[in-house]
Amino acid sequence: MQIQRKNQQRIITVNGEPEGTFSDAIAAISARLPQVTVPQDFSVGFGSEVEQQATAFNQLRLVLILALLLVYAVMASQYESLRDPFVIMFSVPTAAIGVALALKLTNTSFNLQAYIGVIMLAGIVVSNGILLVDYTNILRRRDCLPLRKAVEIAGRTRLRPILMTALATMFGLVPMSLGLGEEANCRLHWRGS
């Protein structure tokens, strides 16, 4: 009934609803594509959603790297040291262990929402690291404590503020992670009509 074109070439679109996650469906289709005999002068490819997802992942990767570099640069100028910001930023990769375990335990794929969550987690981890390192430095300067003793006292003293800020941020993000709020209501309304 109609001819569709993309980049001045005719296309046929095959749509489907995957039973599992989007990335699992793409992987399953990619594994089966070599078995399909494609006539000469024809090609098989994925639609714009796959391209948009790849573009979004690349952009978020760049955003995460830039954010970490800029935060490090700001902290280096603030602390007038390269060591203290490095100690703080070293906690970000260790937080990735928790991300990997949480995704594995919940059997969730690493999607766009998870990537945004990792960026937010990096912010939480950095703010917690700043609280610990700053108070450790205060104890070392003010009370002339050795490093290990200062770290132990700073850990005990700053545990409550760190938990309070981390929990407040996490509870504040729960509605967004569950898809609650005005936008989610609109989405449900449009699906229902």
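The structure this text deals with has already been given above.
Residues numbered from 1 in each chain as written. Predicted model: local features only at pLDDT ≥ 70, side-chain atom pairs only at ≥ 80, totals over all residues. Heavy atoms only, no water.

Asks: Outline the overall build of the protein, supporting the account with residue identities and numerical values.
Replies: Across its full length, the protein holds 7 helices and 2 strands. Along its sequence from the N terminus, the protein presents helices and strands in the succession β-β-α-α-α-α-α-α-α. Here the C-alpha atoms of the protein give a radius of gyration of 24 Å, more than 25% beyond the 16 Å that 2.2 N^0.38 yields for 193 residues. Expressed as lengths along the three principal axes of its C-alpha atoms, the size of the protein is roughly 80 × 40 × 30 Å. Pairs at least 24 residues apart make up 53% of the contacts formed inside the protein by residues separated by at least 6 positions. When the accessible area of the protein is evaluated, it comes to approximately 15200 Å², of which 63% is carbon and sulfur surface. (Helix = DSSP H or I, 4+ residues; strand = E, 2+ residues; numbered from the N terminus. Rg over C-alpha atoms; globule rule 2.2 N^0.38 Å. Contact = heavy atoms within 4.5 Å. Areas by Shrake-Rupley, 256 points an atom, 1.4 Å probe, with all protein chains shown as cover.)

Asks: Hey, could you go over the environment of P175 for me, with residue numbers and the actual values?
Replies: Relative to the elements of secondary structure, P175 occurs in helix 6 (residues 147–178). For P175, a relative accessible area of 34% corresponds to the partly exposed category. Note: C-alpha distance between P175 and V92 (83 residues apart in sequence) is 24 Å. (Buried < 20%, exposed > 50% of the residue type's maximum accessible area, 1.4 Å probe, protein only.)

Asks: Help me get a handle on a nonpolar patch on the surface, residues and values and all.
Replies: Taken together, the side chains of L159, L163, L167, M170, F171 and V174 define a hydrophobic patch exposed on the protein surface, amounting to about 560 Å² of accessible area. Tracing the sequence through the fold places F171 in helix 6. Using a relative accessible area of 59% as the deciding quantity, one classes F171 as exposed. (Patch = residues over 30% accessible without salt bridge, like charges linked within 9 Å, V, L, I, M, F, W, Y side chains within 5 Å. Salt bridge = Lys/Arg side-chain N within 4 Å of Asp/Glu carboxyl O.)

Asks: Describe in detail the pattern of salt bridges, supporting the description with residues and values.
Replies: All told, the structure shown has 3 salt bridges when counted by the stated rule. R83 is paired through a salt bridge with D84; the nearest N and O atoms lie 3.5 Å apart. For R83, a relative accessible area of 53% gives the class exposed. D84 sits in the buried class, given a relative accessible area of 8%. Residue R142 pairs with D143 through a salt bridge whose shortest N-O separation is 3.2 Å. With a relative accessible area of 38%, D143 lands in the partly exposed category.

Asks: Can you explain the nonpolar core? Please cite residues and give values.
Replies: L64, M75, I88, V92, Y115 and V126 are the most contacted members of the largest nonpolar core, which has 18 residues in total. At the level of elements, helix 2 (48–79), helix 3 (83–89), helix 4 (91–105) and helix 5 (112–143) are the ones that each hand at least two residues to this core. Among residues more than four places away in sequence, those in contact with M75 are E80, P85, I88, M89, V126 and I130. (Core = buried A, V, L, I, M, F, W, Y, C linked by side-chain atoms within 4.5 Å.)

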